[in-house]
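# Chain and residue survey
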Protein chains: 2
Amino acid sequence: MINSMNKKVTINDIATIANVAKSTVSRYLNGGSVSEHTRLKIDRIVAQYNYTPNTFAQSLKQQKNHTIGVIVPRLDSIAQSDMLRGLDDLNKDDTFLIVNAYQDAKRELAAIEKLHSQNVGGIILLTANLTDEIRDVLKASPLPIVIQGQDEPNFHRVIMDDLAAGKAVGQYIKTLAPKNVLLLNVDTKIDQAVGHDRFVGIKAALAETPHQEIITDFKLDTAKADSYQAMQTDDFDLVIGATDRIVVGAMQSAFALKQHPKFIGFGQSFFSETVSPNLTSFEFNFYETGKQLYRLFLKVRDDKPVDVQRVIMNGHLVVRESTE
Amino acid sequence: MINSMNKKVTINDIATIANVAKSTVSRYLNGGSVSEHTRLKIDRIVAQYNYTPNTFAQSLKQQKNHTIGVIVPRLDSIAQSDMLRGLDDLNKDDTFLIVNAYQDAKRELAAIEKLHSQNVGGIILLTANLTDEIRDVLKASPLPIVIQGQDEPNFHRVIMDDLAAGKAVGQYIKTLAPKNVLLLNVDTKIDQAVGHDRFVGIKAALAETPHQEIITDFKLDTAKADSYQAMQTDDFDLVIGATDRIVVGAMQSAFALKQHPKFIGFGQSFFSETVSPNLTSFEFNFYETGKQLYRLFLKVRDDKPVDVQRVIMNGHLVVRESTE
DNA sequence: TTGTACGCGTTATCAA
DNA sequence: TTGATAACGCGTACAA
């Protein structure tokens, strides 16, 4: 299948061997008009020498390229991995350049600038928690850009309906009739969609119920430590975390303290089905989200819409053992 | 920081504005000899117009490119993510094109061929479980290629010392003095390093101890079902799985059956520290492995060694709650 | 249908 | 130190 010669064969080589002009080969490759005879001839030669066009020359000539930079906050997450799969599955002509920002705004900014210097044809930002600096750089970019996760008014985006998610969880809470609830949330300044939107419906549902809210962060260890402290001084029969990861931290604290509250999380993750008991959580379809992101990107890149585009994804509550 | 004009500024533009030849600008960019005067002049203009070289033109001209295709079997795994981070952290001039093979040999083959057609400058294959077909394609490739995970005699590779790992676990087992052990293994034809090498030392240590070996696969659900069946008919006080994921499946079965054996796994994963009890497992340093992979790749690409290169990584046993 | 000639942005060679 | 020019591989007017 793959030519084992060291020098790559070019369109010129093919042309020489076939005894035609390279423009004829180029037409052949791009579906232009070629006679039956020459087509068959070139067919054979291309197959034999396993010719593939030089993508660099193509991009250079065509003044556009099909490399899309994808910035992800982390790789070891089902949500991210599913979105990437969604992008992959819809893609035909593009190449994704995946960059891990390691959940660090500085690295994210650096990644954006590096992608520009690498001449990508566009950028997709997953789970974007934008700083002012990043916003500025993105605004100044001439590239088609699509973000995911935050409802940023000035950017084309695919967002999750976190308000509805919180509302659904709120409804469900009422059926559990808890006596004392622990809310493990994150800073709204760091993540508005998660920290604020997800909890609107929950807090509304808890208006008459004793509850305590703690601000922790996305890391398992932090959530574990923070929840441990809360659980030491108070006894909860329901714990709701802003993400599954956070809830797992809380589960470990409860385990250590021999407490057995119910648990509800957000997000589709390893955790839901690997922890015991399996975790009840509100799940989004990130695979579909990836597809929508790619569709939106193509629209932005190819149609150059004047209005800012906004796509909303919804999800559903999956009840598992942790609330039984 | 980033030019907001739609047309990218080229070396020609810079030259025109600076009133010099483009070759002078090129020399300036590549550290050739330029007078103090013109250097300062170009300095300003490059900064002002935020010029960055067109990487496609560079690659085309230089006849080599700095894009390395990295094929990973899955993305939602700490091991993979850590290796990628290792690659990242050592990298300066290269660009990694990450392709998810979704643990499917067909997709892996397709990925290899697509990377060739995308003119990557080399390929790194993570956790490579090669089929004959893939071996053939790789052998025929003119590109520098490095693989990880399997001790493939004909390929430059970085492997884990699974033999030593198994030996270490074997030693540890003896201190536990188990009465009846369940081994959850995978098909050696699918993964020689895991299925065979890891278990040599373990089986040696269990020569005098009753034990049962079951062949399952890498998926959590399969491991869960397979172990459930075994645990129904027999009672084990120690379960050893070929990977952490497999062990977590077994933990769920044990949980369901109200059994409480000890557990030992392999691999550094989410699981080790998210499941309760935390999992004792033999862990490799995949971050360091990623670095070694990149070093090896550079060596292969730049020095073109005649001998096949082989790097071995070792790890260590981390004892946690699951064997206490 | 086919071929010629040029240009994409860059680097390298060679004179000046 | 500088600049004119050719070349990398490809696509595309334009002419034949």
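The following paragraphs examine the structure supplied in this document. (Residues numbered from 1 in each chain as written. Chains lettered and ligands numbered in written order. Predicted model: local features only at pLDDT ≥ 70, side-chain atom pairs only at ≥ 80, totals over all residues. Heavy atoms only, no water.)

Next up on the list: the protein's contact with DNA strand D. Among the 26 residues in the neighbourhood of DNA strand D, the closest are listed as Ile 11, Lys 22 and Tyr 51 of chain A together with Thr 24 and Ser 33 of chain B. Sugar plus phosphate, as a fraction of atoms of DNA strand D within 4 Å of the protein: 60%. The separation between a phosphate oxygen of DNA strand D and a polar main-chain atom of Ala 21 of chain B is 3.0 Å. At 3.0 Å, a side-chain N or O of Ser 23 of chain B approaches a base nitrogen of DNA strand D. Among the elements of the structure, helix H2 (22-29) and helix H4 (55-62) of chain A together with helix H2 (22-29) and helix H4 (55-62) of chain B are those that each provide at least two residues to the surface near DNA strand D. Residues that form the surface near DNA strand D fall into these classes: 8 nonpolar, 13 polar and 5 charged. (Near = heavy atom within 4 Å. Polar contact = N/O pair within 3.5 Å; in protein donor to acceptor, adjacent residues only side chain to side chain. Helix = DSSP H or I, 4+ residues; strand = E, 2+ residues; numbered from the N terminus. Nonpolar A, V, L, I, M, F, W, Y, C, P; charged D, E, K, R; others polar.)

In this section: the pattern of salt bridges. Considering all chains together, one arrives at 30 salt bridges over all chains under this definition. Measuring nitrogen to oxygen at the nearest pair gives 3.0 Å for the salt bridge that ties Asp 302 of chain B to Arg 301 of chain B. We classify Arg 301 of chain B as buried; its relative accessible area is 16%. One network of salt bridges, in which partners are shared, links Asp 94, Arg 301 and Asp 302 of chain A. (Salt bridge = Lys/Arg side-chain N within 4 Å of Asp/Glu carboxyl O. Buried < 20%, exposed > 50% of the residue type's maximum accessible area, 1.4 Å probe, protein only.)

Okay, the relation of the copies chain A and chain B next. The transform that puts chain A on chain B rotates by 180° and translates by 0.0 Å along the axis, for an RMSD of 0.1 Å. Within this description, the copies of the chain are treated as partners about a two-fold rotation axis. In this assembly the copies share their binding face: 100% of the residues contributing to the interface of chain A also contribute to that of chain B. (Least-squares fit on C-alpha atoms with pLDDT ≥ 70 in both. Contact = heavy atoms within 4.5 Å.)

When you line up the elements, Thr 16 of chain A lands in helix H1 (residues 11-18). From its side chain, Thr 16 of chain A meets the backbone oxygen of Asn 12 of chain A in a polar contact 2.8 Å long.

Neighbouring residues of DNA strand C: 26 residues in total, closest Ser 23 and Lys 61 of chain A together with Ile 11, Tyr 51 and Lys 61 of chain B. Contact distances for DNA strand C include 2.8 Å between a phosphate oxygen and a side-chain N or O atom of Ser 35 of chain A. Within the side chain of Lys 22 of chain B, an N or O atom sits 2.8 Å from a base oxygen of DNA strand C. Counting only elements with at least two residues in the surface near DNA strand C, the list comes to H2 and H4 of chain A together with H2 and H4 of chain B. Tallied by class, the residues present in the surface near DNA strand C amount to 8 nonpolar, 13 polar and 5 charged.

Turning our attention to the sheet that holds strand S10 (residues 280-284) of chain A. Residue and element names in this part refer to chain A. The 6 strands are arranged S7-S6-S8-S9-S10-S12 in an open sheet whose pairing can be described as mixed. Two strands in the sheet have a free side with no partner beyond their single neighbour: strand S7 (211-216) and strand S12 (315-318). Strand-to-strand twist of the sheet, defined as the mean angle between neighbouring strand axes without regard to direction, takes the value 15°. Where strand S8 (residues 238-241) lies against strand S9 (residues 262-266), 3 bridges are found, and the strand directions are parallel. Each residue of the ladder has a partner; that of Ile 240, found in S9, is Ile 264. Along the sheet face, helix H11 (residues 244-256) touches strand S6 (181-186), S7, S8, S9 and S10 and points at about 160° away from the line of S9. (Pairing = 2+ DSSP bridges. Axes fitted to C-alpha atoms, helices over the stretch in contact; angles between N-to-C directions.)

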